[in-house]
Amino acid sequence: MKPRPGKRTPRKTPPSSAPAKPWAGRFTQSADPAAERFTASLAFDRRLWPHDVTGSVAWAKALGRAGLLSASERDAIVTGLAAVREELASGTFPFRPELEDIHMNVERRLQELIGEAGGKLHTGRSRNDQIALDERLYLKDIIGRLREGLRRVQEVLVARAAETLEAPLPGYTHLQRAQPIVLAHHLLAYVFMLQRDRERFRDCRARADVLPLGAGALAGTAFPIDREALAKDLGFAAVSPNSLDAVSDRDYVVEFLAAGAICGMHLSRLAADLTLWATAEFGFVEFSDAFATGSSIMPQKKNPDVAELIRGKSGRLSGNLVAVLTTMKGLPLAYNADMQEDKEPFFDSVDTLEAICAVLPPMLASLTFHTDRMRRVAGENFATATDLADYLVRKGVPFRRAHEVVGRVVRYALDEGKGLEDLGLAELRRFSPLFDGDVKDALTVEASLRARAVTGGTAPAAVRRALAQARALTGQEQS
Ligand code: ARG
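Bear in mind the structure is a predicted one, so any value in this text is a computation, not a measurement.

What counts, and where the lines are drawn
- Residues numbered from 1 in each chain as written.
- Predicted model: local features only at pLDDT ≥ 70, side-chain atom pairs only at ≥ 80, totals over all residues.
- Heavy atoms only, no water.
- Helix = DSSP H or I, 4+ residues; strand = E, 2+ residues; numbered from the N terminus.
- Rg over C-alpha atoms; globule rule 2.2 N^0.38 Å.
- Buried < 20%, exposed > 50% of the residue type's maximum accessible area, 1.4 Å probe, protein only.
- Areas by Shrake-Rupley, 256 points an atom, 1.4 Å probe, with all protein chains shown as cover.
- Lys, Arg positive; Asp, Glu negative; His and termini not counted.
- Charge placed at Lys NZ, Arg CZ, Asp CG, Glu CD.
- Axes fitted to C-alpha atoms, helices over the stretch in contact; angles between N-to-C directions.
- Left-handed = near helix turned anticlockwise from the far one by under 90°.
- Contact = heavy atoms within 4.5 Å.
- Nonpolar A, V, L, I, M, F, W, Y, C, P; charged D, E, K, R; others polar.
- Pairing = 2+ DSSP bridges.
- Parallel < 35°, antiparallel > 145°, perpendicular 65-115°, else oblique.
- Near = heavy atom within 4 Å.
- Polar contact = N/O pair within 3.5 Å; in protein donor to acceptor, adjacent residues only side chain to side chain.
- Salt bridge = Lys/Arg side-chain N within 4 Å of Asp/Glu carboxyl O.
- Expected span 1.5 Å × (residues − 1).
- Bend = angle between axes of the 7 residues up to and from the residue.

### With respect to the overall build of the protein chain
Here is step 1 of the chain: The secondary structure content of the protein chain amounts to 20 helices and six strands.
Here is step 2 of the chain: The globule rule puts the C-alpha radius of gyration for 479 residues at 23 Å, and the 31 Å found for the protein chain is more than 25% above it.
Here is step 3 of the chain: If you line up the protein chain on its principal axes, its C-alpha atoms span 110 × 55 × 40 Å.
Here is step 4 of the chain: Of all 479 residues assigned to the protein chain, the portion counted as buried reaches 48%.
Here is step 5 of the chain: Of the accessible surface of the protein chain, which amounts to about 23,200 Å², a share of 55% is contributed by carbon and sulfur atoms.
Here is step 6 of the chain: Charge-centre separation for the protein chain: the mean point of 64 positive side chains lies 2 Å from the mean point of 61 negative side chains.

### Describing the packing of helix α10 (residues 251-277) against helix α11 (residues 305-312)
Here is step 1 of the chain: Between α10 and α11, the shortest axis-to-axis distance is 7 Å and the interhelical angle comes to 145°. For the pair α10 and α11, the sense of crossing is left-handed. Residues L267, S268, A271, A272 and T275 of α10 lie in contact with α11, whose contacting residues are A307, E308, I310 and R311.
Here is step 2 of the chain: Tallied by class, residues from the contact of α10 with α11 come to five nonpolar, two polar and two charged.

### Some words on the pairing of strand β1 (residues 168-173)
Here is step 1 of the chain: Relative to strand β2 (residues 176-182), β1 runs antiparallel, the two being bridged by six bridges. Paired with L169 across the two strands is I181, which belongs to β2.
Here is step 2 of the chain: Linking β1 back to β2 in an antiparallel pair, the connection comprises two residues, with H174 at a positive phi of about 55°.

### Focus on the packing of helix α6 (residues 127-163) against helix α20 (residues 460-473)
Here is step 1 of the chain: The N-to-C vectors of α6 and α20 enclose an angle of 160°; their axes lie 10 Å apart at closest approach. Put simply, α6 runs roughly antiparallel to α20. Like other packed secondary-structure pairs, α6 and α20 cross with a definite hand, here left-handed. Between α6 and α20, the residues in contact are V158, A161 and A162 and L467, A470 and R471, respectively.

### Concerning the side chain of S41
Here is step 1 of the chain: On the secondary structure map, S41 appears in the loop between α1 (33-39) and α2 (42-45).
Here is step 2 of the chain: What S41 contacts, discounting residues up to four positions off in sequence, is E100, D101 and Q340.

### Notes on the site of the ligand
Here is step 1 of the chain: The local shell around the ligand consists of S41, D101, H103, R127, N128, I131, Y335, Q340 and K343.
Here is step 2 of the chain: For the ligand, a nitrogen atom lies 2.9 Å from a polar atom in the side chain of N128.
Here is step 3 of the chain: Note that an oxygen atom of the ligand is positioned 2.5 Å from one of the side-chain N or O atoms of Y335.
Here is step 4 of the chain: Protein contacts shield 84% of the accessible area of the ligand, which totals 340 Å² for the unbound molecule.
Here is step 5 of the chain: The element that contributes the greatest number of residues to the shell around the ligand is α6, accounting for three residues.
Here is step 6 of the chain: For the shell around the ligand, the per-class residue count stands at two nonpolar, four polar and three charged.

### Here we look at the pattern of salt bridges
Here is step 1 of the chain: Inspection of every chain in the model, using the stated rule, returns 37 salt bridges.
Here is step 2 of the chain: The residue E112 makes a salt bridge to R96 at a minimum N-O spacing of 2.3 Å. Note that E112 is positioned in helix α5 (residues 102-114) and R96 in the loop between α4 (71-90) and α5, a separation of 16 residues in sequence.
Here is step 3 of the chain: Owing to a relative accessible area of 37%, E112 belongs among the partly exposed residues under this scheme.
Here is step 4 of the chain: Between R411 and D415 there is a salt bridge; the shortest N-O distance is 3.0 Å. Placement of both R411 and D415 in helix α16 (residues 399-416) is noted, with a separation of four residues, approximately one turn of the helix.
Here is step 5 of the chain: Several salt bridges share partner residues, and in doing so they unite E87, R96, R109 and E112 into one network.

### Re helix α13 (residues 343-365)
Here is step 1 of the chain: Given a rise of 1.5 Å per residue, 23 residues ought to cover 33 Å, and the 34 Å separating the end C-alpha atoms of α13 matches this to within 8%.
Here is step 2 of the chain: Most pronounced at V359, the bend in α13 amounts to some 25°, and the proline P361 follows within four residues.

### As for unusual backbone geometry
Here is step 1 of the chain: Cis geometry marks the peptide bond from L333 to A334; its omega dihedral reads 0°.
Here is step 2 of the chain: In this fold, A334 is placed in the loop between α12 (314-328) and α13.
Here is step 3 of the chain: Although it is not a glycine, N381 sits at a positive phi angle of roughly 55°.
Here is step 4 of the chain: Structurally, N381 can be placed in the loop between α14 (371-378) and α15 (385-394).
Here is step 5 of the chain: Using a relative accessible area of 48% as the deciding quantity, one classes N381 as partly exposed.

### What about α5?
Here is step 1 of the chain: With 13 residues, α5 extends 18 Å between its outermost C-alpha atoms, agreeing within 8% with the 18 Å of an ideal straight helix rising 1.5 Å per residue.
Here is step 2 of the chain: All of the buried residues in α5 are I102, H103, M104, N105, V106, E107, R108, R109 and L110.
Here is step 3 of the chain: Of the surrounding secondary structure, the elements contacted by the buried residues of α5 are α2, α3 (49-65), α4 and α6.
Here is step 4 of the chain: In this structure D101 caps α5, since a side-chain oxygen of it lies 3.2 Å from the backbone nitrogen of H103.
Here is step 5 of the chain: Backbone geometry just downstream of α5 places G115 in the positive-phi region, at approximately 80°.

Rendered as structure tokens:
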């Protein structure tokens, strides 16, 4: 059918340096430069190039199997894509921002390199299923790297825990000294947190392991593509069962960001502990010079900027999750351009977590623990008062009653300006006749620690078992 001439605005052809857009046929005006800049995603989605090329190679093969490409066309495309990959890898690829995104850049370059056959690659495919594919491939890749990064953090924590199995440290609740613990116990707490993070990332990867390609723009491709074979080719465990869901779903990004936000919160708490411990008030640790900074005005300062920034970066990790959730909420099915906004938060969380995983292991490895100081203060401030109450419980006193008795002992000691260990047996007996000569032994830090031999407790024997468990978790093959 001949197109009706109608009242057409004369076509303003783009400057010759700017290649025409794939949709130029429908349009009579070229894009406004501000609109073009505004819609472009190339600056950030270019990092997906390895996956975009991989997806295109598999798609060309699938088109070949479906009889839509001759063997020579398919080979030309596959060879052309190898050349494109080479250019991208070597940094010689001629990126064209006016071609909006990485998908159109790769496709156009292929056409330039191999001619007409390149125009067949996008048969039955849409950028909507293409971007979902690229992101899923990227995600599967990055999760492997992140889990390995977290495993290395765990490994250093386990090594530092092995050194400090018997090193007493005040344990806190409400940031008030509570009961003695050993330093290894504190460090291993983070190993088990990070283990859950690694599991969350692994779960996220398993759920993302579904092929969206073949969903087309939204309704499914109109060509007889063997999606199962395509999934196998690309290493996916399953094929998406609904084309609308396949192109409009960003759960895999949201889940990744959620796992990243939780992980960031854990890393932030670790950094917060260390920052606090490095104060003169605590004096429990000293950062190596290599992981500290100075002041531009105060010559004496040594600041824990690295730890502070690890703590600070949890803000953007949480923010990125909220950003994508907010973008997705209320989007009608199926694809909407809003979804392009998923990438910067997604990539930012990837980069942030990778950066933390690079700096944290050497920072932890080079940390000096002032175990003498920890030891000195571990028994202060009535840290073993619970043990004194437990002593009475072992003599048959109901715990509530024992708590009250020891509360009065503490009150008395405070008034006398004494510690629990300074009280004589006669003084203690004023509060309960059940106190005996062996009470002194129950009040030591070592006895307090030893008593907590329950699984998961802070007794060195129990921590040794937890350490073995933690060490097993950080085995290389676990990643
Ligand atoms: N750059 C786009 C994105 O990130 C790719 C898909 C574009 N599809 C479209 N119909 N505009 O989501």
